[in-house]
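Report on the structure
The primary structure of each chain is shown beneath.
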Amino acid sequence: MKICNNCNTINEVSAVKCISCNMPGQFSLHVVAAEAPKPAEAETIQCINCGSVDAGEGPRCRHCHFPLPNKASVSAMKTVPLNRKVS
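Before going into details, it helps to say that this report is about the structure given with it.

Cut-offs and rules
- Residues numbered from 1 in each chain as written.
- Predicted model: local features only at pLDDT ≥ 70, side-chain atom pairs only at ≥ 80, totals over all residues.
- Heavy atoms only, no water.
- Helix = DSSP H or I, 4+ residues; strand = E, 2+ residues; numbered from the N terminus.
- Contact = heavy atoms within 4.5 Å.
- Areas by Shrake-Rupley, 256 points an atom, 1.4 Å probe, with all protein chains shown as cover.
- Buried < 20%, exposed > 50% of the residue type's maximum accessible area, 1.4 Å probe, protein only.
- Polar contact = N/O pair within 3.5 Å; in protein donor to acceptor, adjacent residues only side chain to side chain.

Next up on the list: the overall build of the protein. Along the backbone of the protein there are one helix and three strands. Mapped in sequence order, the helices and strands of the protein form the string β-β-β-α. Within the protein, residue pairs in contact and separated by at least 24 positions form 17% of the contacts whose partners lie at least 6 positions apart. Approximately 7500 Å² of the protein is accessible, and the part contributed by carbon and sulfur atoms is 56%.

As structure tokens, then:
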């Protein structure tokens, strides 16, 4: 990317004149760095006893010390719609 020194407009690398002010050859080269990959969000486990969404990483809730399910069983548990007959 080229940035015009006159009006600070971003131009293509191949530009000879600024697309905004038509000033020829007055550019600063701007290198665009590739975005760093975002870290994966940690999966939170909600305590079924106290309802805390910040239950912690250990085997028990950090607030009420109720046993937490392990992460493998949490990822296996998905919301399954119940087929109930409504009369």
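Back to the write-up after that little detour.
Now for unusual backbone geometry. At N8, a position not held by glycine, the phi torsion is positive, near 65°. One can find N8 in the loop between β1 (2-4) and β2 (10-11). Of note in the backbone geometry, N22 takes a positive phi value of approximately 60° without being a glycine. When its relative accessible area of 48% is taken as the criterion, N22 is described as partly exposed.

When you line up the elements, S52 lands in the loop between β3 (27-29) and α1 (71-76). Polar side-chain contacts of S52 include one of 3.3 Å to the side chain of H63. In contact with S52, not counting residues within four places along its chain, are I45, Q46, C47 and H63.

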